Amino acid sequence: MKPNVLHLIDSFEQGGTERQALQLVRELRASDCCRVQLACLQNRGLLRAEADRLDLGEIPEYPLTSFYDPNFATQLRRLARFLKENEIDVLHTHCFYTNIFGMAAATLARVPARITYKGETDGFRTAMQKRAERGAFHFAHRVVANSEAVRNQLIREGVRASKIVQHYNGLDVRRVAVRPDLTREEALVIVGLPREPQRRFVTIVANLRHSVKDHPMFMRAAARVRAAIPDAGFVIAGEGELMPSLRELAEQLGLARDVFFIGRCENVAELLFVSEVCALSSTAEGFSNAILEYMAAARPVVVTDVGGAREAVVEGETGYLVPAGDDEKMAERIIQLLRDPERARAMGARAKQIVEEKFSCETHLQNTLDLYHELLSPSAETAKQSVPTMGHERV
């Protein structure tokens, strides 16, 4: 019998977590190894159209306003009823909010296999939020960590090591592939960048909602690069409330004509195609999807040495790791790559090879199917008895 699997995501916004979750759902459906359903907390975002194309049937929504109001209890019972009525064998959640909400409902409904996901290290959650999420992990059978860095963080925070499995994100390389006859000028038009033949673009793809992405550090590095290489340009792809302050910083640094804020990027493949070097300046990460996309597009990277970055980037071979906050070192490495295009191309080619070998969709899919099989096998029942239940509450 094929297991019934429900994936619960926050929304259909174009975040890395949401895109990863939908990609996994797509791969699971294509594998025909389980019956897959999808639910969300917020039925909004551009990725909803992509979800509809998967032909999964109804996608129920469980809108939350707080973890502490009557609506939470109402939505909790709704989800628990859905899990029971649809005989869900596996509930797989994908973020902080779905971990807490989903594990509570799945425990009430006595779902046989309960899986959470963690893709963050320090810098994203308050102490209270961390305690709440640890409570969710207490009721889960497995916690999927997307890097060794995240796994180690979870262990330090008190999650039992035997409960954690480490699965790297998988990347569909088609997302960053361009048609063979695409010209640079065409790509610039598609992305909305100026058609200046002499420009060499350094790109960062990261939302402008969280200070943890530390765009100011990237921009300080950009000012140093611009002083050394006058034809350098800098692309910031992403949207969020930090954009006005970053535009002001660009003015202060004398970069108003050299930094291009292109907002939400629907054409990542074309953007990376016209980029010479790609960067990430975060002060904290789990395992960055942006780094994998850069590498899959055969671009050398200069990224801060945080989270799982060094699990993807081979120092001096596919790019460079620099200390968080060190704009001088980031600028130095970017300048080296811009001054040696041949070496930059070789590093990008090796980066693409590593993604294809180590971070494929196929590997991620097989890891997930193996996990489902492990938790649903008769031999798993004894080990799962140590996970607490919530009694026989009516739902």
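Up top is the structure.
In this report, the structure presented in the accompanying data block is examined. Just so we're clear, the structure is a prediction, and the values are computed from it rather than from any experiment.

Cut-offs used in this document
- Residues numbered from 1 in each chain as written.
- Predicted model: local features only at pLDDT ≥ 70, side-chain atom pairs only at ≥ 80, totals over all residues.
- Heavy atoms only, no water.
- Helix = DSSP H or I, 4+ residues; strand = E, 2+ residues; numbered from the N terminus.
- Polar contact = N/O pair within 3.5 Å; in protein donor to acceptor, adjacent residues only side chain to side chain.
- Contact = heavy atoms within 4.5 Å.
- Phe/Tyr/Trp six-rings, centres within 6.5 Å; stacked < 30°, edge-to-face > 60°.
- Buried < 20%, exposed > 50% of the residue type's maximum accessible area, 1.4 Å probe, protein only.
- Pairing = 2+ DSSP bridges.
- Right-handed = clockwise from strand over helix to strand, strands pointing away.
- Salt bridge = Lys/Arg side-chain N within 4 Å of Asp/Glu carboxyl O.
- Disulfide = S-S within 2.5 Å.
- Axes fitted to C-alpha atoms, helices over the stretch in contact; angles between N-to-C directions.
- Core = buried A, V, L, I, M, F, W, Y, C linked by side-chain atoms within 4.5 Å.
- Parallel < 35°, antiparallel > 145°, perpendicular 65-115°, else oblique.
- Left-handed = near helix turned anticlockwise from the far one by under 90°.
- Nonpolar A, V, L, I, M, F, W, Y, C, P; charged D, E, K, R; others polar.

**Focus: the side chain of serine 281**
Line of reasoning, step 1. Along the chain, serine 281 turns up in the loop between β10 (275–280) and α11 (289–296).
Line of reasoning, step 2. In terms of polar contacts, serine 281 uses its side chain to reach the backbone carbonyl oxygen of aspartate 214, at 2.9 Å.
Line of reasoning, step 3. If we ignore the near neighbours within four places in the chain, the residues touching serine 281 are Ile204, Lys213, Asp214, His215, Met217, Phe218, Thr304 and Met330.

**Regarding the packing of aromatic side chains**
Line of reasoning, step 1. One pass over the full model with this rule turns up eleven aromatic pairs.
Line of reasoning, step 2. Between phenylalanine 72 and phenylalanine 101, the ring centres sit 5.8 Å apart and the planes meet at 70°, which makes this aromatic pair edge-to-face. Note that phenylalanine 72 is positioned in helix α3 (residues 70–85) and phenylalanine 101 in helix α4 (residues 96–108), a separation of 29 residues in sequence.
Line of reasoning, step 3. In this structure phenylalanine 72 comes out as buried when scored by relative accessible area, which is 13%.

**Some points on the pairing of strand β9 (residues 259–263)**
Line of reasoning, step 1. Of all five residues in β9, five are buried; the element is thus mostly enclosed.
Line of reasoning, step 2. The alternating pattern of β9 places Val259, Phe261 and Gly263 on one face and Phe260 and Ile262 on the opposite face, and all of these are buried.
Line of reasoning, step 3. Across four bridges, the pairing between strand β8 (residues 232–237) and β9 is parallel. Looking at β9, one finds that alanine 237 is bridged to glycine 263.
Line of reasoning, step 4. Taken together, β8, helix α9 (residues 243–252) and β9 form a β-α-β motif whose crossover is right-handed.

**Brief notes about the pattern of salt bridges**
Line of reasoning, step 1. Summed over the entire model, instances satisfying the criterion amount to 29 salt bridges.
Line of reasoning, step 2. One salt bridge connects aspartate 32 with lysine 2, and the closest N-O pair in it is separated by 2.8 Å. With aspartate 32 in the loop between α1 (16–31) and β2 (35–40) and lysine 2 in the segment before β1 (4–9), this pair connects stretches of sequence that are 30 residues apart.
Line of reasoning, step 3. By relative accessible area, lysine 2 is classed as partly exposed at 34%.
Line of reasoning, step 4. Each of Glu13, Arg44, Glu239 and Arg264 takes part in a single network of salt bridges with overlapping partners.

**Focus: the state of the cysteines**
Line of reasoning, step 1. In this structure the tally under the stated criterion is zero disulfides.
Line of reasoning, step 2. Lacking any disulfide linkage, cysteine 33 is separated from the closest cysteine sulfur, that of cysteine 34, by 6.6 Å.
Line of reasoning, step 3. On the accessibility criterion, cysteine 33 (40% relative accessible area) is partly exposed.

**Quick look at the sheet that holds β8**
Line of reasoning, step 1. Pairing is parallel in the open sheet, where six strands are placed in the order β9-β8-β7-β10-β11-β12. The open sheet has two edge strands, β9 and β12 (319–322), and neither has a second partner. Sheet twist, expressed as the average angle between the axes of neighbouring strands with direction ignored, equals 20°.
Line of reasoning, step 2. Examined bridge by bridge, β10 and strand β11 (residues 301–304) share three bridges and lie parallel to one another.

**Some words on the nonpolar core**
For soluble globular proteins, the rule of thumb is that nonpolar side chains tend to be buried together.
Line of reasoning, step 1. Grouped together as the largest cluster of nonpolar side chains are 72 residues, with contacts concentrated most on Leu193, Phe218, Phe261, Met295 and Met330.
Line of reasoning, step 2. Excluding residues that lie within four positions of it along the chain, phenylalanine 218 makes contacts with Val202, Ile204, Phe234, Ile236, Ala279, Ser281 and Met330.
Line of reasoning, step 3. Counting residues in hydrophobic clusters, the runner-up holds 28 residues, among them Leu24, Cys34, Leu47 and Leu56.

**A short note on the packing of helix α8 (residues 215–228) against helix α13 (residues 327–339)**
Line of reasoning, step 1. Interaxial distance between α8 and α13 falls to 8 Å at its minimum, and their mutual angle equals 45°. The orientation of α8 with respect to α13, classified from their angle, is oblique. For the crossing formed where α8 meets α13, the hand is right-handed. Residues Met217, Phe218, Arg220, Ala221, Arg224, Val225 and Ala228 of α8 form the contact with α13, whose participating residues are Asp327, Glu328, Met330, Ala331, Ile334, Ile335, Leu338 and Arg339.
Line of reasoning, step 2. Residues belonging to the contact of α8 with α13 are distributed by class as follows: ten nonpolar, no polar and five charged.

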